[in-house]
Amino acid sequence: MKGKQVSEPAAVVGLYDLVKWYGDRTLRFPRPLRVTLGDRIDNRLLDMLELAVQARYSADPRELLQRINSELNVLRYLTRLAHERGCLALSQYEYAARAIDSVGRQVGGWLKHRAAG
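Before going into details, it helps to say that this report is about the structure given with it. Everything numeric here is computed off the predicted structure, so don't read it as measured data.

1. Notes on the environment of Asp39
With respect to the secondary-structure elements, Asp39 resides in helix H2 (residues 31-56). Judged by relative accessible area, Asp39 falls into the partly exposed class, the value being 35%. Between the alpha carbons of Asp39 and Gly23 there is a distance of 9.4 Å; along the sequence they are 16 residues apart.

This is the structure we're talking about:
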């Protein structure tokens, strides 16, 4: 007997995809920036994914979602810095900025939904 398939919140899926995409990019950062900026980006993304999964199963995920929003703001600056330091091409920077904004909207919607419910 099959159980009901539960879909993941869009923010979890978006963060998961961003972790995969960004991880492929940070591996190609120049060595001095890979161990500083690249690791900082990778760790921040993994932390946000962990928070999102915890929020998925939390009775009251608002604090976790607010932490993700805060971390997304820092990630925006790290992404801009990566572009300005030559680690991300303009098209990659634009893709990352759109993906980060998309996750931010998804987290905001999730927060709004939880506040209303």
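Now that the structure has been shown, we can carry on.
2. Describing the nonpolar core
Counting 33 residues, the largest nonpolar core has Leu18, Tyr22, Phe29, Ile41, Leu45, Ile68 and Leu75 as its most contacted members. When residues of this core are traced back to their parent elements, those giving at least two are helix H1 (10-26), H2, helix H3 (62-84) and helix H4 (90-116). For this core, the leading source of residues is H2, giving nine residues. Excluding its chain neighbours within four sequence positions, the residues that come into contact with Ile41 are Tyr22, Thr26, Phe29, Leu75, Leu78 and Ala82.

3. Focus: the packing of H1 against H2
Direction vectors running N to C along H1 and H2 enclose 165°, while the axes themselves pass 9 Å from each other. The orientation of H1 with respect to H2, classified from their angle, is roughly antiparallel. The element H1 and its partner H2 pack so that their crossing is left-handed. Residues Val12, Leu15, Tyr16, Leu18, Val19, Tyr22, Gly23 and Thr26 of H1 pack against Arg34, Gly38, Ile41, Asp42, Leu45, Leu46, Met48, Leu49, Ala52 and Val53 of H2. For the contact of H1 with H2, the class distribution of residues is 13 nonpolar, three polar and two charged.

4. Considerations on the side chain of Thr26
Looking at where Thr26 falls in the secondary structure, it is placed in helix H1. Of the residues examined, Thr26 reaches a relative accessible area of 2% and is grouped as buried. Looking at Thr26, its side chain comes within polar contact range of the main-chain oxygen of Gly23, at 3.3 Å. Not counting chain neighbours up to four residues away, the residues in contact with Thr26 comprise Arg34, Gly38, Ile41 and Asp42.

5. Comments concerning the pattern of salt bridges
Taken as a whole and judged by the stated rule, the model has five salt bridges. Measuring nitrogen to oxygen at the nearest pair gives 2.8 Å for the salt bridge that ties Arg62 to Asp60. Among the ionic pairs, Glu84 bridges to Arg80, the shortest N-O distance being 3.8 Å. A residue pair is termed a helical-turn pair when its members lie 3 or 4 positions apart in one helix, as Glu84 and Arg80 do in helix H3 at four residues.

Reading the values: rules and limits
- Residues numbered from 1 in each chain as written.
- Predicted model: local features only at pLDDT ≥ 70, side-chain atom pairs only at ≥ 80, totals over all residues.
- Heavy atoms only, no water.
- Helix = DSSP H or I, 4+ residues; strand = E, 2+ residues; numbered from the N terminus.
- Buried < 20%, exposed > 50% of the residue type's maximum accessible area, 1.4 Å probe, protein only.
- Core = buried A, V, L, I, M, F, W, Y, C linked by side-chain atoms within 4.5 Å.
- Contact = heavy atoms within 4.5 Å.
- Axes fitted to C-alpha atoms, helices over the stretch in contact; angles between N-to-C directions.
- Parallel < 35°, antiparallel > 145°, perpendicular 65-115°, else oblique.
- Left-handed = near helix turned anticlockwise from the far one by under 90°.
- Nonpolar A, V, L, I, M, F, W, Y, C, P; charged D, E, K, R; others polar.
- Polar contact = N/O pair within 3.5 Å; in protein donor to acceptor, adjacent residues only side chain to side chain.
- Salt bridge = Lys/Arg side-chain N within 4 Å of Asp/Glu carboxyl O.

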